[in-house]
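Structural overview
Each chain is listed here by its residues.
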Amino acid sequence: MAITLSGTEVFLSDLEKMIPSDTNVDAALAEGAEVIAREMRQLAPVKSGKLKSAIKVGKARNGRNGRQVTVGIHRRDFSGDDYYPAYVEYGHGGPRPAPPHPYIRPAFDLKKDEAWSIVKQAVIDQMNSKGL
Amino acid sequence: MDIRATIVTALSGVGAPAYWMKWAGDTNPPATYITFQTVNRPDLSADDTLHEREHFVYLDVFSETDPYPTAMLVRSAMASAGFYEVEMRDVGQETMSVTELRDYHIAFTFSYLEDVRVQVV
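Residues numbered from 1 in each chain as written. Chains lettered and ligands numbered in written order. Predicted model: local features only at pLDDT ≥ 70, side-chain atom pairs only at ≥ 80, totals over all residues. Heavy atoms only, no water.

Scanning the model with the defined rule gives 8 salt bridges over all chains in all. Across the salt bridge formed by Glu89(A) and Arg105(A), the nearest N and O atoms sit 2.6 Å from each other. Within this pair, whereas Glu89(A) is found in helix α4 (residues 85–90), its partner Arg105(A) is found in helix α5 (residues 105–129), the two being separated by 16 residues in sequence. Judged on exposure class, the residue Glu89(A) and its partner Arg105(A) are both buried. Its salt-bridge partner being Arg75(B), residue Glu85(B) comes within 2.7 Å of it at the nearest N-O pair. Remark: Arg75(B) occurs in helix α2 (residues 68–80) and Glu85(B) occurs in strand β4 (residues 84–90); sequence separation between them is 10 residues. Since its relative accessible area comes to 23%, Glu85(B) is described here as partly exposed. Bridged by salt links that share partners, the residues Asp113(A), Arg41(B) and Glu54(B) form one connected network. (Salt bridge = Lys/Arg side-chain N within 4 Å of Asp/Glu carboxyl O. Helix = DSSP H or I, 4+ residues; strand = E, 2+ residues; numbered from the N terminus. Buried < 20%, exposed > 50% of the residue type's maximum accessible area, 1.4 Å probe, protein only.)

Moving on, we come to empty space enclosed by the protein. A complete count under the given rule lists 2 cavities of 30 Å³ or more for this structure. Every residue lining the largest cavity is listed: Pro97(A), Ala98(A), Pro99(A), Pro100(A), Lys22(B), Trp23(B), Tyr33(B), Thr35(B) and Phe62(B). By residue class, the composition of the lining of the largest cavity is 7 nonpolar, 1 polar and 1 charged. (1 Å grid on protein atoms, 1.4 Å probe; cavity = no way out; pocket = protein on both sides within 12 Å on 5 of 7 lines; lining within 4 Å. Points joined across faces, edges and corners; volume = space filled by probe spheres on them. Nonpolar A, V, L, I, M, F, W, Y, C, P; charged D, E, K, R; others polar.)

The following block contains the structure:
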């Protein structure tokens, strides 16, 4: 129950050509992803607090389109036998239906633009700090 | 603009009742029903003028039988009302046990751009 931010989205045309190879893209991606993670924590319903505290930004890794991070709840980080974050997001039917409580999708929809801006600015700040 | 009323009106011909947030009856839920929730954000232009508000709609079709025909009607009805489909997905098969999966479930995300044009002071 996580979404992925790809570093490729950051490297817009001219900017991509200007970024030095030693730029810490991972830190920039994590900074942008944290904005979405914060929104997820605000939207997540709280009973025990387990769901909210499980929302994290993952480590950057190579994806099909370059470096990427995931943000949300990662199965491997969710302790306990009952993995229910998807039930909360989507709800379920049945004789005793549970309504959806979207907290992953709205966080991304509402904050994706801000996240991209932060990632881009983080890269620009790094370049500025190097006098570029 | 009342986005909830707009959605309910858009779905009025689908043949399944639509509820904001959740089905809230006392007896068994209808064989097929729809729930929806919304969030929105202002889309400010460079001159601090609010031109548009972007609404996101998370819409779920629950059904005791295959909800696909209803989902297709939902897709068509929402498109006719000006909603843009962001995604549609089957839900549940990979996360729920057979005993829990009494209802089938298709989830949509739609977006809608509301033209507002308000000067922000």
